[in-house]
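Here's the letter readout for the chains.
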Amino acid sequence: FFFFFFFFQAEDGIRDVERSRGLGDVYKRQVYVVDGKNGKLLWKKASGKPVVYGVCWISNKEFVTCGASSIKFWNVDSQEDKDGNGFDSEIMSCVAVDGKGNTHVSSVSGKVYIFNGTKVVNKITPHKGKINSMVIYDNMMLTAGDDSRVLISEVGSYKTICEIKTKAIPRAADMLGNLVVVGDIKGGITLYKDGKEVDSWLGHHEGEVWGLNLAENLIVTAGDDNKVILWDYNNCRAVKEACINSKPGQKLKDNVPGKPKMPDNQSSRSVCYNAATKEIAIATNNGELHIRDIKDIEKNKKVINCSKRWIEQMCYSPKGDMLAVGTHANELLVYSVPGYELRGKLEGHATPLICIDWSTDGTYLRSLDEGFDMIFWKLPGFTKDPDGAVNTKDKDWETQSCKIGWSVQGIYPPGTDKTHVNYVAKSRDGKLVATGDDWGFVNVYNYPCGKGSKCYSLRGHSEQVPRIVFSKDDDYIFSVGGNDKAVIQWKK
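Predicted model, so just to flag it, every value in this text is computed and none were measured. (Residues numbered from 1 in each chain as written. Predicted model: local features only at pLDDT ≥ 70, side-chain atom pairs only at ≥ 80, totals over all residues. Heavy atoms only, no water.)

Draft legend 1. Quick look at the environment of Cys-236. Summarising the element assignment, Cys-236 is placed in the loop between β22 (227-232) and β23 (237-243). For the pair formed by Cys-236 and Trp-490, sequence separation is 254 residues and the distance between their alpha carbons is 11 Å. (Helix = DSSP H or I, 4+ residues; strand = E, 2+ residues; numbered from the N terminus.)

Draft legend 2. Spatial organisation of the pairing of strand β27 (residues 296-305). Bridge analysis of strand β26 (residues 288-293) against β27 gives 6 bridges, and the strand direction is antiparallel. The residue bridging Asp-293 from the neighbouring strand is Asp-296, located in β27. Once β26 ends, the chain turns through 2 residues before running back antiparallel as β27. (Pairing = 2+ DSSP bridges.)

Draft legend 3. Summary view of empty space enclosed by the protein. This structure, assessed with the given rule, holds 1 cavity of 30 Å³ or more. Each pocket or cavity is described by its volume, and for the largest cavity that value is around 40 Å³. Lining of the largest cavity is provided by Ser-47, Pro-50, Val-51, Val-52, Thr-65, Cys-66, Gly-67, Ser-70 and Lys-72. At 3 residues, the largest contribution of residues to the lining of the largest cavity is made by strand β5 (residues 62-67). (1 Å grid on protein atoms, 1.4 Å probe; cavity = no way out; pocket = protein on both sides within 12 Å on 5 of 7 lines; lining within 4 Å. Points joined across faces, edges and corners; volume = space filled by probe spheres on them.)

Draft legend 4. Expanded view of the state of the cysteines. Under the counting rule described, the total for this entry stands at 0 disulfides. The closest cysteine sulfur to the non-disulfide-bonded Cys-162 is located on Cys-94, 19 Å from its own sulfur. (Disulfide = S-S within 2.5 Å.)

Draft legend 5. The arrangement of the sheet that holds strand β18 (residues 189-193) in detail. With antiparallel pairing, 4 strands are arranged side by side in an open sheet as β16-β17-β18-β19. Each edge of the open sheet is held by one strand with a lone partner, namely β16 (170-176) and β19 (196-201). For this sheet the average axis-to-axis angle between neighbouring strands, irrespective of direction, equals 20 degrees. Two elements, β16 and strand β17 (residues 179-184), share 6 bridges in a ladder whose sense is antiparallel. Residue pairing across strands places Pro-170 opposite Asp-184, the latter belonging to β17. (Axes fitted to C-alpha atoms, helices over the stretch in contact; angles between N-to-C directions.)

Draft legend 6. Spatial organisation of the sheet that holds strand β36 (residues 421-426). With respect to topology, 4 strands assemble into an open sheet ordered β36-β37-β38-β39, the strand pairing being antiparallel. Each of the sheet's edge strands pairs with one partner strand only, and the pair in question is β36 and β39 (456-459). Strand-to-strand twist in this sheet, taken as the mean axis angle between neighbours without regard to direction, amounts to 20 degrees.

Draft legend 7. Structural detail: the pattern of salt bridges. Taken as a whole and judged by the stated rule, the model has 20 salt bridges. Here Asp-81 and Lys-45 are joined by a salt bridge, their closest N and O atoms 3.5 Å apart. On the criterion of sequence distance, the pair formed by Asp-81 in strand β7 (residues 81-83) and Lys-45 in strand β3 (residues 41-46) is long-range, its members being 36 residues apart. We note a salt bridge from Glu-216 to Lys-278, for which the minimum N-O separation is 3.1 Å. Residue Glu-216 is found in the loop between β20 (209-215) and β21 (218-223), and its partner Lys-278 is found in the loop between β24 (268-274) and β25 (279-284); the two are separated by 62 residues along the sequence. Ionic contacts of the salt-bridge type, sharing partners, join the residues Lys-45, Lys-72, Asp-81 and Asp-83 into one network. (Salt bridge = Lys/Arg side-chain N within 4 Å of Asp/Glu carboxyl O.)

Draft legend 8. Geometry of the environment of Leu-212. Among the structural elements, Leu-212 can be located in strand β20. Taking the C-alpha atoms as reference points, Leu-212 and Arg-467, separated by 255 residues in sequence, lie 6.3 Å from one another.

Following this line, the structure appears as structure tokens:
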């Protein structure tokens, strides 16, 4: 048998079709046919200028592709393609083939064109607006559209057998017997049985996800989508979701990398948990700090205006009586807990802060900035210690987020600079250190990690890994994938 691979330029599906069509003369869109048994490339051929959005096998020797005003029928042996005809000039979104070999192609206007060979023999309009997903099994056709409906229809008569009204616009859907699973535009997954919801899973859906921390037997994440989510990692599911701010504010120009679509006060890239007070601290991209109870994450106990720039890193002291906040205004701020009065405004960094660690005895802080300048701060006076690296050589550190120093000098692959490693985390027992990098890997080393150390690399993310954390018992590592918005749990 064969596998079919295709590539297209649009980053975000049909929303980017006009931009992608303009790049058609520059970017080649190739069709690749590969032998599934040995992985050998059988042939490749340019698919033309139109962006390809859907592909489906008709038989062992034929397949069909659809895209922007384009439907092509391909023959594996001859490597030839034939254009479909009889359809309106519009963007095609999905393609499926029934048991008789009839091809069904959906469009952004809600239509489904039925082909016998290369000619349209029927046309129906099951949805109002774009059809995002379509599958055919056992003479039943499932479609999911922008009208927040999932329909199951009988192939041939196209009579609706079941209609499901979804909580958000469905982007992907599939069925098995009387079960239907739907993934929606807000990052949720819902399972239906006989048209009724039986289970659901939450998730992030917009921008990037950087915020990650351990909270008792849960993990907490925060992202650019105005969401804070608590996850029960023992059951591998989200258990609570809350918005960061219900009222949108302004967006600061060039404030946050990736340019989130949500306003800065509705986006977060740092979150941490205080076991002493059972509180979660959420740092927003407009420099605010929201304090919430772990049992009521929807309500702010306190809001603090920390900075005019976004906050990338913060952490509570080992005793939970102080909170250190690193801002992109080049400041390290220390607050008392539980009152959250400002105890120290530590200045000395020339670039934004990206890492903060407390010593286990709470007598030292160390902070690292984007220029890889690490400063040691002596408590309780919050004074800069120029000889901190020497004075703390026998101290234990509660965390190891700072990605330079003797104990982590071997975490950088040859030929790379320090920017390729995004974050570092030490296991609770101090035997391992893990990194998240720009290539989507989670890399695990022995700790301390000297030059030339070997690592065990874990691949699951499709984007950069900005945060990682170990579980309390070190049996798991948790990671978030930035742009892929995925939370992955790795078992030892």
